[in-house]
Amino acid sequence: MENETRARVGVIGAGIMGTAIVTRLIEKGHQVHVFDLDQEKVAALSAIGAHAAPSVAAAVAVSDFCILSLNHANIVRAVVFGEAGVAAAASPEKLLIDMSSIDPAETADMAERLRRETGMAWVDCPLSGGVPGALSGKLTIMAGGTTGDFERARRVMQHLAANYTLMGPSGAGQTTKLINQLFCAVLFQAVAEAVKLAEAGGVDPADIPAALSGGRADSRIMQEFMTKFAARDFSPTGRIDNMLKDLDSLQAFALKTKTPLPMTGAVVEIHRLLCAAGLGAKDSAEMMKLLDGFTAN
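The residue count restarts for each chain, going from 1 along the sequence in the order it is written. Residues qualify for local features only when their pLDDT is at least 70, as the model is predicted, and side-chain atom pairs are given and counted only at 80 or more; totals for whole chains, interfaces and linings, by contrast, use all residues. Hydrogens and waters are ignored; side-chain quantities use all the structure's heavy atoms.

(A) Spatial organisation of the pattern of salt bridges. The salt bridge definition used is simple: a Lys or Arg side-chain nitrogen within 4 Å of an Asp or Glu carboxyl oxygen. What the rule picks out here adds up to 19 salt bridges. Residue Asp 292 is joined to Lys 196 by a salt bridge in which the shortest nitrogen-to-oxygen separation is 2.8 Å. Of the two residues, Asp 292 is situated in the segment after helix H13 (288-291) and Lys 196 in helix H8 (residues 172-200); the sequence distance between them amounts to 96 residues. Asp 292 sits in the buried class, given a relative accessible area of 13%. Across the pair Lys 245 and Asp 246 runs a salt bridge whose closest N-O atoms are separated by 3.1 Å. Summarising the burial analysis for this pair, Lys 245 and Asp 246 share the class buried. Counted as one network, the salt bridges with shared partners bring together Glu 112, Arg 113, Arg 116 and Glu 117. To qualify as a helix, a DSSP run of H or I must reach at least 4 residues; to qualify as a strand, a run of E must reach at least 2; elements of each kind are numbered from the N terminus. Burial here depends on accessible area, computed with a 1.4 Å probe over protein chains only, as a share of the maximum for the residue type. Under 20% is buried, over 50% is exposed, and the range in between is partly exposed.

(B) Structural context of the packing of helix H4 (residues 73-81) against helix H5 (residues 104-118). Axis lines are fitted to C-alpha atoms, over the contacting stretch for helices. Their N-to-C directions set the angle, which ranges from 0 to 180 degrees. Axis separation between H4 and H5 bottoms out at 11 Å; the angle between their running directions is 5 degrees. Between H4 and H5, the interaxial angle falls into the category roughly parallel. Contacts between H4 and H5 involve Ala 73, Val 76, Arg 77, Val 80 and Phe 81 on the former and, on the latter, Glu 106, Asp 109, Met 110, Arg 113, Leu 114 and Glu 117. Here the contact of H4 with H5 is built from residues that sort into six nonpolar, no polar and five charged. Here is the rule for angles: anything less than 35 degrees is roughly parallel, anything more than 145 is roughly antiparallel, 65 through 115 is roughly perpendicular, and the remaining ranges are oblique. Two residues qualify as a contact provided that any one of their heavy atoms is within 4.5 Å of a heavy atom in the partner residue. Gly counts as polar in this scheme, as do all residues outside two lists: the nonpolar Ala, Val, Leu, Ile, Met, Phe, Trp, Tyr, Cys and Pro, and the charged Asp, Glu, Lys and Arg.

(C) How the structure looks around the packing of aromatic side chains. Geometry of aromatic contacts follows a simple scheme: Phe, Tyr and Trp rings, the Trp one being its six-membered ring, pair when their centres are within 6.5 Å, and the pair is stacked under 30 degrees between planes, edge-to-face over 60, tilted otherwise. In total, this model carries four aromatic pairs according to the counting rule given. Taking the centre distance of 4.1 Å and the plane angle of 20 degrees together, the rings of Phe 150 and Tyr 164 count as stacked. Placement of the pair is Phe 150 in helix H7 (residues 147-157) and Tyr 164 in strand E9 (residues 161-168), with a sequence separation of 14 residues. Like Phe 150, the residue Tyr 164 is buried in the burial classification. Their ring planes at 25 degrees and their centres at 6.0 Å tell us that Phe 188 and Phe 229 sit as a pair that is stacked. Highlighted residues: Phe 188 in helix H8 and Phe 229 in helix H10 (residues 220-230), separated in sequence by 41 residues. According to the relative accessible area criterion, Phe 188 is buried, its value standing at 8%.

Any link to function would need more than the numbers given here.
Following this line, the structure appears as structure tokens:
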């Protein structure tokens, strides 16, 4: 990599997505400093070239960019503004890139506070594409922030995303991610129901994606997941409880803006039922168990 594109990047959060992001950035030649409370995860990344940071502030202090890959807005707030957090080492020369999926209004509030108190800018960059997309640099990233900060973040995002789009000011990326999750959740349920209908009609559901390819019903979710759902392949690609977390944020935003979402509301309750049945940590394909009457292995 040319020196002008190589960057020092602090990554906070070494979960499934954080690990994939760190791996990709190291492969592309960036110097990556990682902090996570789980030292085993940090050690695994250190083994492939990451630098272990003793605190969030320590990772930010030696970095040009700080990427957050966290689960909830309250965790993001604590990491940014808590003791030895991002703000403790922030400066106008540094840029925070939040790749978490959190509430749009909270994002805008935290971004404004960080800039006001430290001069450090914030770009919300929630993603779609999962671990495979991160590892191959083919994520879809919908961003919120100023045009200048969006372009600054491109120095790192160009190695993670095939589709990197500025959607508007702070929070706009998170709003777009909620829309992405709306489509995904509704389509996952549609795929599960289509599998059951095909089976009931004596049609092999594995043949449906090819048969409908190019038609109006075609979608990447049908192409990627219908065969998986039909085979009751429960290998992990995304957790049901993580989807429910995003759907809860979506409903809260819809309530705040008085936006009617009747179909989404039904799908949210299906996800809540799956979590109540103990399937929250499982893959979305386990939605089939509800339609199967929980009889499938």
